[in-house]
Each structure stands twice: as C-alpha cells, then as structure tokens.
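Given next are the chains, with one letter for each unit.
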Amino acid sequence: MSDEPIPEENNDEFNQERHTQEIRHSQVSARVPEGVSRGVFSTGAVVLQGGHEFILDFLLRISTPQQVVARVVLPLGVVPQMIRALKDNLTNYEKRFGVPTIPTPIPPQVTGSAESINVGTGLEVAASDEPTPPVSDVISGVSAGGTGAVGETMTPESESEQKSEPKTVIKPAETGQKPPSAEELYDELKLPDEMLCGNYANAVRIGHSATEFSFDFITTFFPRSCVSARVHMAAPNIPRLLDSLTHSFEQFQRKVAQQQKRQPPQQGDQPGNL
C-alpha cells in the first residue's frame, strides 16, 4: 500500500504548515477487526433506497422473531459495482458448480388416526372416517404473500410456498394480496438499536465456495482499508439478492430520470441568454 502526500503543483507556494493534502490511496489489503472476522449468516436481504445511498438489511429468518443481523450503507456509485461483481461471481460459480437451486421440500405424509404409532402394548385406536386435514406450510407474516416490499429477497421458506403440493390450500384472497409496505415489513423484524445507524462501506469484496457466498464490506479510508461488515449467505439465495439489487437500482435510475425531466431549465439555459 502506497499512501504518499502530493504537494500542490506550484512548489514555491507549497507551505509545510498546511494540513490539506491529496492522498493516493491504493487498496492492497483490508484489516479485519476481531469483532467482524467471524461474520454473520443471513437468509435474505431487504434493499432500501435513500436520497444519496442504498441500505442493505441482511435478515435471519430461521428463528422467531425474525431479525436484522447486519445493516450496510453503500454510496450510489458502489451499487452498480457490486451488481457487476456479484454477476461475475455468480457466473463463475455456475460454471464450476452449476446453477444454485433450493431443494424442493418433500410434502409431509398425511396419515389417518388409525395409522398412528401406539406407545405401549394393547393400545388400539379406532379408525376414523374423517381424514386428517393436510398440513400447510404457508408462512405467516410479511412473506406469506410472496416477495416482500422494497426489494426483499425471498428465502427458501418463501419459495416453498410457490412450489407447494396441491394439499396446501391457498385462499383466493391470499393470491391477490399486495406485498407489505416497509412499515409493515419492519414491524415483523427485530432491529437492535445499535444497528440503526448501520455500517458504512465504499467497497465490496465477494467470494464464494461450493455452498455459500461471502461479502466483505470495506471502508477504503486513509491510512488503511478496513472491513466494516462481513456477511455469509447460502448460494441458492444469491440469484434473488442479485435480482433485488438490480431491480432497486433500475428503479432508482428511472426515478432520477423522471425528476430531471420535471425539473425546469435554469435561467442561464434559456435560448438567447448568456
């Protein structure tokens, strides 16, 4: 890493007492703090758009309550770079390991009460004419209607709803259910107070193995780069994360283009004005 101060072009006017200098910062390696080195595991993510930044909330939806395990704040210029890097990593992964897919869950066996297992000897249960109702695996909460709001990536549990067997009864009202709003989504999530500000990062380093992807979010500040957050995700969740990032960034670009069209021209831009 070379971090050399560059004086102003006019050496005669360069004052040794000045503290304002231009820094050439070349990122060779990034320090990983002890509290970040282990990283956190995530099963999905929510992409939020701000006026000058994007916010990535990585979720853990295995246990209850569902919680945000990492919040990362990215400047606008880093988002398309992350999308390109994630596309390249996913392409390399598919060339080596194939397309990452989520296993289709095996439907539970529906048995009558007469086929239940008896504990002890001499216990018999009379057969019932009424069939045992099927077991539904529809998830309650914000993900029950499919994809969530603000670019939420679907988890394996959410996708299993779409691929569920005919035994799972879906009411007509649920099929037309709108995705939840951001307020409704975060009412179901646990967001610790110490995580509200998030971790800033202006660079992303992505790696993968046969089973998971790893994201190192880095701050490239002088005098040394540092990993501010490390997140691990299972490989089958990566295509949905990429789709959410791409969709959110395209939506942001369209919104900016519409604002520029509505913005009236400046006075100096009028024809005939100098």
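Residues numbered from 1 in each chain as written. Predicted model: local features only at pLDDT ≥ 70, side-chain atom pairs only at ≥ 80, totals over all residues. Heavy atoms only, no water.

**Q** Can you lay out the overall build of the protein for me, pointing to particular residues and giving the numbers?
**A** Each helix and strand counted, the protein has 6 helices and 12 strands in total. Relative to its full complement of 274 residues, the protein shows a buried share of 33%. Looking at the protein alone, contacts between residues at least 24 apart form 61% of all its contacts between residues at least 6 apart. (Helix = DSSP H or I, 4+ residues; strand = E, 2+ residues; numbered from the N terminus. Buried < 20%, exposed > 50% of the residue type's maximum accessible area, 1.4 Å probe, protein only. Contact = heavy atoms within 4.5 Å.)

**Q** Tell me about helix 6 (residues 238–262), and please be specific about residues and values.
**A** Here helix 6 contains 25 residues, and its C-alpha end-to-end distance of 36 Å stays within 8% of the 36 Å for a straight helix at 1.5 Å per residue. Considered for burial, the residues of helix 6 that qualify are I238, R240, L241, L242, S244, L245, T246, S248, F249 and F252. (Expected span 1.5 Å × (residues − 1).)

**Q** I'd like a description of the pairing of strand 12 (residues 225–234), backed by residues and values.
**A** Sheet faces and side chains relate simply in a regular strand, where the side chains alternate between the two faces. Strand 12 sits mainly inside the fold: 7 of its 10 residues count as buried. Pairing geometry for strand 3 (residues 30–31) and strand 12, over 2 bridges, is parallel. Along strand 12, the bridge assignment pairs R31 with C226. By the bridge criterion, 3 bridges tie strand 4 (residues 40–42) to strand 12 in an arrangement that is parallel. Residue pairing in the sheet places V40 in a bridge with V231 of strand 12. Pairing geometry for strand 11 (residues 212–219) and strand 12, over 8 bridges, is antiparallel. Across the sheet, residue E212 finds its bridge partner in strand 12, namely A234. (Pairing = 2+ DSSP bridges.)

**Q** I'd like a description of the pattern of salt bridges, backed by residues and values.
**A** Counting across every chain of the model gives 3 salt bridges. Across the salt bridge formed by R205 and D216, the nearest N and O atoms sit 3.4 Å from each other. Within this pair, whereas R205 is found in strand 10 (residues 203–208), its partner D216 is found in strand 11, the two being separated by 11 residues in sequence. Between R230 and D216 there is a salt bridge whose closest N-O contact spans 2.7 Å. (Salt bridge = Lys/Arg side-chain N within 4 Å of Asp/Glu carboxyl O.)

**Q** Account for the side chain of D216, with residues named and values stated.
**A** Under the relative-accessibility criterion, D216 is labelled buried at 7%. Among the polar contacts made by the side chain of D216, one reaches the side chain of R230 at a distance of 2.7 Å. In contact with D216, not counting residues within four places along its chain, are A203, V204, R205, V227, A229 and R230. (Polar contact = N/O pair within 3.5 Å; in protein donor to acceptor, adjacent residues only side chain to side chain.)

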